Amino acid sequence: MSENLDAVSRIQAAWRRERPDVDVAPQGVIGRLHRLSDFIATELGTVFEAHGISQGEFDVLASLRRAGAPYERTPSELAEHTMVTTGATTKRIDRLVDSGLIERRAAEGDGRRRIIALTAKGLRVVDETFTDHMKNEHRIVAELSSDDRAQLEAILIRWLGRFES
């Protein structure tokens, strides 16, 4: 019978056997979300690698692209829009500057303020990567029916909203 169970079900069954006094029901959701997250991250990573960038670097490039022309933000705006620390953002910026995908320059009228902007090469890379990234995400969610996707999205919006508020 256990060969028909997924990994989370096998773990839950073992815990129920060993610790029947503890309710392991949340593992059914949390464990599967965690495993799916790992699988999805691996699948998404293949697209970023194919374009010669990391997921974190794509995050910076995409944030600049979403800003609209002239595709620039301050380092603190980038940190806010990528939801990582300013230190992590700085490391990503340094790598992207070195690869010629973005440039760092002084803001007009305030030499102390820095601006981070996409280069022409960066704009091309982020647009190509984003197109492939969306194709990949469509492929990944194609495993679900459109009704299942809509229901899952609604549930995740409500649940995530409780953590983000």
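Here's a quick rundown of the structure.

So, about a nonpolar patch on the surface. Taken together, the side chains of Val29, Ile30, Leu33, Leu144, Leu152 and Leu156 define a hydrophobic patch exposed on the protein surface, amounting to about 450 Å² of accessible area. Broken down by secondary-structure element, the contributors of at least two residues to the nonpolar patch are helix H2 (25-50) and helix H7 (146-164). The element that contributes the greatest number of residues to the nonpolar patch is H2, accounting for three residues. In this structure, Leu156 sits in helix H7. Given the relative accessible area of 34%, Leu156 is considered partly exposed.

Right, let's talk about the environment of Glu103 for a bit. Summarising the element assignment, Glu103 is placed in strand E2 (residues 102-107). With relative accessibility at 36%, the residue Glu103 sits in the partly exposed group. Sequence separation of Glu103 and Glu72 is 31 residues, and the distance between their C-alpha atoms is 9.3 Å. Ignoring anything within four residues of it in the chain, the contact list for Glu103 reads Ile115, Ile116, Ala117 and Thr119.

Two measures define how a pair of helices packs: the angle their axes make with one another and the distance between the axes. Running from amino to carboxyl end, helix H3 (residues 55-66) crosses helix H4 (residues 75-82) at an angle of 105 degrees, the nearest separation of the two axes being 10 Å. In terms of orientation, H3 lies roughly perpendicular with respect to H4. On the side of H3, the interface is formed by Asp59, Val60, Ser63, Leu64 and Arg66, while H4 contributes Leu78, His81 and Thr82. Looking at the contact of H3 with H4 residue by residue, the class counts come to three nonpolar, three polar and two charged.

What counts and what doesn't
- Residues numbered from 1 in each chain as written.
- Predicted model: local features only at pLDDT ≥ 70, side-chain atom pairs only at ≥ 80, totals over all residues.
- Heavy atoms only, no water.
- Patch = residues over 30% accessible without salt bridge, like charges linked within 9 Å, V, L, I, M, F, W, Y side chains within 5 Å.
- Areas by Shrake-Rupley, 256 points an atom, 1.4 Å probe, with all protein chains shown as cover.
- Salt bridge = Lys/Arg side-chain N within 4 Å of Asp/Glu carboxyl O.
- Helix = DSSP H or I, 4+ residues; strand = E, 2+ residues; numbered from the N terminus.
- Buried < 20%, exposed > 50% of the residue type's maximum accessible area, 1.4 Å probe, protein only.
- Contact = heavy atoms within 4.5 Å.
- Axes fitted to C-alpha atoms, helices over the stretch in contact; angles between N-to-C directions.
- Parallel < 35°, antiparallel > 145°, perpendicular 65-115°, else oblique.
- Nonpolar A, V, L, I, M, F, W, Y, C, P; charged D, E, K, R; others polar.

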